[in-house]
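Given next are the chains, with one letter for each unit.
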Amino acid sequence: MPSPTQRVLARVPARLRPFLVRHRRLVKFLTVGSGCFVLTTVIDVELKFTFLQHQPVVALTVATVIATVVSYVLNRRWAFRTDGRRPEALLFFLVSAVAIGVNDIPLVFSRYALDLREPYVDPFQQEVADFLSGMVVGTFVAMLFRFWAMRRWVFTSPAARAHAEPEPGYAAPEMPRDVP
């Protein structure tokens, strides 16, 4: 029986399959990240409009911490397929702590250096600025940092390296042919 990944790949146009297979770890990482981005956004908005109305940086940090825990489980089990060694978890959360700081910097800059907050701007402009700086810019920069750091320091077990080779059932990238 084909895996869910193989079923999805079967629906992708044939010319894109080799690229996706070659970069499947990145594709899986981005898929997990997309789901966690949605989770972070929902939690952030909920916190900003209920408990943490006047603390947008705290709301974003709490939302990001919750999504980071979900991200760890999904990345460990699916994107990087590792066994969850204790040093791996510690390194994951150290990298993630730095990434949470990276994620918060654009929001702090937007709110407090550029004064894109009430009473200097109307509430709608404030929320748009918060979303663009914290959720879009902050998340993008933190995502780049996380992917680089996770591959470099966190998910480096032999199981993760073994999955760098094409999995059974996947179309392997074409190999160059010897030309006479």
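Residues numbered from 1 in each chain as written. Predicted model: local features only at pLDDT ≥ 70, side-chain atom pairs only at ≥ 80, totals over all residues. Heavy atoms only, no water.

1. Overview of the packing of helix H3 (residues 24-48) against helix H6 (residues 123-154)
- Contact geometry for H3 and H6: axes closest at 11 Å, N-to-C directions at 145°. Every pair of crossing elements has a handedness; the one defined by H3 and H6 is right-handed. Together, Arg 25, Leu 26, Phe 29, Leu 30, Phe 37, Thr 40, Thr 41, Asp 44 and Lys 48 of H3 and Glu 127, Asp 130, Phe 131, Met 135, Thr 139, Met 143, Arg 146, Phe 147, Met 150 and Arg 151 of H6 make up the contact between the two elements.
- Classifying every residue of the contact of H3 with H6 by side-chain character gives nine nonpolar, three polar and seven charged. (Axes fitted to C-alpha atoms, helices over the stretch in contact; angles between N-to-C directions. Helix = DSSP H or I, 4+ residues; strand = E, 2+ residues; numbered from the N terminus. Left-handed = near helix turned anticlockwise from the far one by under 90°. Contact = heavy atoms within 4.5 Å. Nonpolar A, V, L, I, M, F, W, Y, C, P; charged D, E, K, R; others polar.)

2. Notes on unusual backbone geometry
- Of note, the bond from Glu 118 into Pro 119 is cis; its omega dihedral lies within 30 degrees of zero at 5°.
- By the element assignment, Pro 119 lies in the loop between helix H5 (86-113) and H6.
- You will see that Asp 115, though not glycine, has its phi angle at about 55°, which is positive.
- Within the fold, Asp 115 resides in the loop between H5 and H6.

3. A look at empty space enclosed by the protein
- Under the counting rule described, the total for this entry stands at one cavity of 30 Å³ or more.
- The computed volume of the largest cavity comes to approximately 30 Å³.
- Around the largest cavity, the lining residues are Asp 44, Lys 48, Pro 56, Leu 60, Leu 107, Asp 130, Phe 131, Gly 134 and Met 135.
- Of all the secondary-structure elements, those providing two or more residues to the lining of the largest cavity are H3, helix H4 (56-79) and H6.
- Here the element with the most residues in the lining of the largest cavity is H6; it accounts for four residues.
- The class makeup of the residues in the lining of the largest cavity is five nonpolar, one polar and three charged. (1 Å grid on protein atoms, 1.4 Å probe; cavity = no way out; pocket = protein on both sides within 12 Å on 5 of 7 lines; lining within 4 Å. Points joined across faces, edges and corners; volume = space filled by probe spheres on them.)

4. Considering H6
- Taking 1.5 Å of rise per residue, 32 residues should cover 46 Å, yet H6 covers just 40 Å from first to last C-alpha, more than 12% shy of that figure.
- The sharpest bend along H6 measures roughly 30° and falls at Thr 139.
- Between the side-chain oxygen of the N-cap and the backbone nitrogen of Phe 124 there are 3.0 Å, and the N-cap of H6 in question is Asp 122. (Expected span 1.5 Å × (residues − 1). Bend = angle between axes of the 7 residues up to and from the residue. Polar contact = N/O pair within 3.5 Å; in protein donor to acceptor, adjacent residues only side chain to side chain.)

5. Examining the environment of Val 73
- Relative to the assigned elements, Val 73 resides in helix H4.
- In this structure, the C-alpha to C-alpha distance between Val 73 and Ala 89, residues 16 residues apart in sequence, is 9.8 Å.

6. Focus on the packing of H4 against H6
- It is the contact of H4 with H6, at a shortest axis distance of 12 Å, that shows an interaxial angle of 40°. Looking at the two axes, H4 sits oblique to H6. Relative to H6, H4 is oriented so that their crossing is right-handed. Contacts from Pro 56, Leu 60, Thr 64 and Thr 68 of H4 reach H6 at Asp 130, Gly 134, Met 135 and Arg 146.
- Residues of the contact of H4 with H6, tallied by class, amount to three nonpolar, three polar and two charged. (Parallel < 35°, antiparallel > 145°, perpendicular 65-115°, else oblique.)

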